[in-house]
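A structural walkthrough
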Amino acid sequence: MYENIEKYIDKLMTSAPDMPLWNIESIKQGKKPAWNYIDGCMTTSLLEMYKTTGEKKYLDFVISFISYYVHDDGSILGYEPTKYSTDDVCESRILFDLYSFTGEEKYLKAIKLTYSQVEKHPRTKEGNFIHKAIYHDQIWLDGLFMMQPFYTRYQSTFGGKDYSDIIKQFKNVRALMYDEKAGLYYHGYDSSRTLFWADKTTGLSKNFWLRSIGWFLVGLADVYGYIEEDHVEDRAAIKAIFTEAINGILRYQDDETKMFYQVPNFPKREGNYIETSGSAMVSYALLKGVRLGMLDKEFAAKGTEIFNGIVKNKMSAENGDLNLKDICLVAGLGPENNTRRDGSYEYYISEPIVENDAKGVGPFIMAYTEIKKLM
C-alpha cells in the first residue's frame, strides 16, 4: 500500500527554493520567495524522514533549500519580525535541527532573530499571542501550531525550561474556544468582540474547521515532545487537553473512508467534502501521541486506519504521476476588509481544493514517519 509514498516525496524534492512545487499559494498568487509556514511544513517533514530513515538525501535537500533563505549573518529572506505573524515563526522550528546537525552559527543566529519576535509579540488581554498584526485581538487555533513548538523548543534548549507561559496559552484556548457539547474547538476567538465574524457575546467564530483542529492537535503533540520529561505537571496539562481534543474529533470520523470532513460536524450537508490535510494531522497526532505515551496503544490502530484511508482515497497514481488530492488551499477569518472570510459554513466549503500543497503533504509525510516507526 505504501510503495509509492517515497517516490512521491522524491518527486516533490525536485523543487527549487524560490518556487517549490508544494507551495500552491505562492504559485497561484505569484508571491515573492519568503520565509513561510507552508515551506516549514514540508521541510519539517523531510527532516523527520531523515531522522526516521537515516537517508541523507532528505537532510541534504533541506540544507540546500534553506541556504537560499538563511544567510551567514542569521538574517532570513522575507522574514519581518515586526509583522508579528505567528505563521512566520513556524518554519524557524527546523533551525534547531539544522544547527544540531551542522553546527553552523547562521542557524543559531536565525533562531535568536526569531525568538526576538516571540519576546515582543503582541498579546490579547488574556495573555495569548495575537495571530498576526493584521489580525489584532485574535487567537486562531492555527497559531498554536505555528508558534508554540518553536517557543517550547527554545525554552528547552536555551531558555531555562520555563514552560509556564506556553501552558497558560493552551489552557486559555481550552477555556475560551472549546465547545463541551460538540467536543470540538472553534477556529477563532476575538478578544475585542468587535470583528464582523465574531459572536458579540462569546467572541467565537461561527464554525469548526477541520484543519484548524488538526493544527491544534499537532501543536499539542509537538509541544509535549519538546517539554523536558522531568516537567511532569507541564506535560500532564498538555496531555489532558490533547486527549480530550482527540476523543472529540474522533466522534466525527467517516465510517467509509476513516477520514474527516472539511466542516466535521456537518458530514452530510451539501458541499461538504472529505478533506486530506486535516485528516493527515489527526492521523499524525494519534500516532505520535501513542509513541510519546499520551494515548493508550490502541489508538495507534486508529491513526493507522486514517492514514490508510488517505492513501486509498486521496493518493492517485495516474500514468505514473503521483499526487495527493483534496487539500483545502487556505481558510481564515477576515481581516476587516475581507468580509467573505466570515467563518460561515458556506465560506469554508468555498475555498479552492488543490493537490500537493504542503499543508496536506507535510502532515501526511509526518504521519508516514510515525507509521515507519511502528514497522
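Since the model is a prediction, treat every value here as computed from it, not as a measurement.

1. Quick notes on the packing of helix α8 (residues 141–157) against helix α10 (residues 210–226)
Each packed pair of helices is defined by two parameters, the angle between the axes and the distance between the axes. For the pair α8 and α10, the least separation of the axes is 7 Å and the interaxial angle reads 10°. As the angle between them shows, α8 and α10 are arranged roughly parallel. Together, Leu 141, Asp 142, Leu 144, Phe 145, Met 146, Gln 148, Pro 149, Thr 152, Arg 153 and Ser 156 of α8 and Ser 212, Ile 213, Trp 215, Phe 216, Val 218, Gly 219, Asp 222, Val 223 and Tyr 226 of α10 make up the contact between the two elements. Along the lines of polarity and charge, the residues of the contact of α8 with α10 split into 11 nonpolar, five polar and three charged.

2. A word on the pairing of strand β7 (residues 315–318)
Examined bridge by bridge, β7 and strand β8 (residues 321–324) share four bridges and lie antiparallel to one another. Across the sheet, Met 315 pairs through a bridge with Leu 324, a residue of β8. Taken together, β7 and the strand that follows it, β8, pair antiparallel across an intervening segment of two residues, in which Asn 319 is found at a positive phi of about 55°.

3. Some remarks on helix α13 (residues 299–314)
End to end, α13 covers 22 Å across 16 residues, agreeing with the expected 22 Å (1.5 Å per residue, within 8%). By the burial criterion, the buried members of α13 are Phe 299, Ala 300, Gly 303, Thr 304, Ile 306, Phe 307, Gly 309, Ile 310, Val 311 and Lys 314.

4. Regarding helix α9 (residues 164–177)
Between its first and last C-alpha, α9 extends 20 Å over 14 residues, near the 20 Å set by a 1.5 Å rise per residue. Within α9, the full set of buried residues consists of Asp 165, Ile 166, Ile 167, Gln 169, Phe 170, Asn 172, Val 173 and Met 177.

5. Section: the environment of Ser 205
Locating Ser 205 in the fold gives a position in the loop between β4 (188–190) and α10. Take Ser 205: its relative accessible area is 4%, and that puts it in the buried class. Those residues within four positions of Ser 205 in sequence are excluded, and the remaining contacts are Tyr 186, His 187, Gly 188, Trp 197 and Leu 333. Separated by 3.5 Å, the side chain of Ser 205 and the backbone nitrogen of His 187 make a polar contact. Of note is the side chain of Ser 205, whose polar atom sits 3.0 Å from the backbone nitrogen of Gly 188.

6. Comments concerning the packing of aromatic side chains
Taken as a whole and assessed by the stated rule, the structure comprises 28 aromatic pairs. Between Tyr 154 and Phe 158, the ring centres sit 5.5 Å apart and the planes meet at 50°, which makes this aromatic pair tilted. Each member of the aromatic cluster is reached from another via a ring pair, and the members are Phe 96, Tyr 115, Phe 129, Phe 150, Tyr 151, Tyr 154 and Phe 158. Here the basic side chain of Arg 235 rests over the ring of Tyr 224, its NZ or CZ set 4.2 Å away from the ring centre.

What counts as what
Residues numbered from 1 in each chain as written. Predicted model: local features only at pLDDT ≥ 70, side-chain atom pairs only at ≥ 80, totals over all residues. Heavy atoms only, no water. Axes fitted to C-alpha atoms, helices over the stretch in contact; angles between N-to-C directions. Helix = DSSP H or I, 4+ residues; strand = E, 2+ residues; numbered from the N terminus. Parallel < 35°, antiparallel > 145°, perpendicular 65-115°, else oblique. Contact = heavy atoms within 4.5 Å. Nonpolar A, V, L, I, M, F, W, Y, C, P; charged D, E, K, R; others polar. Pairing = 2+ DSSP bridges. Expected span 1.5 Å × (residues − 1). Buried < 20%, exposed > 50% of the residue type's maximum accessible area, 1.4 Å probe, protein only. Polar contact = N/O pair within 3.5 Å; in protein donor to acceptor, adjacent residues only side chain to side chain. Phe/Tyr/Trp six-rings, centres within 6.5 Å; stacked < 30°, edge-to-face > 60°. Lys NZ or Arg CZ within 6 Å of the ring centre and 35° of its normal.

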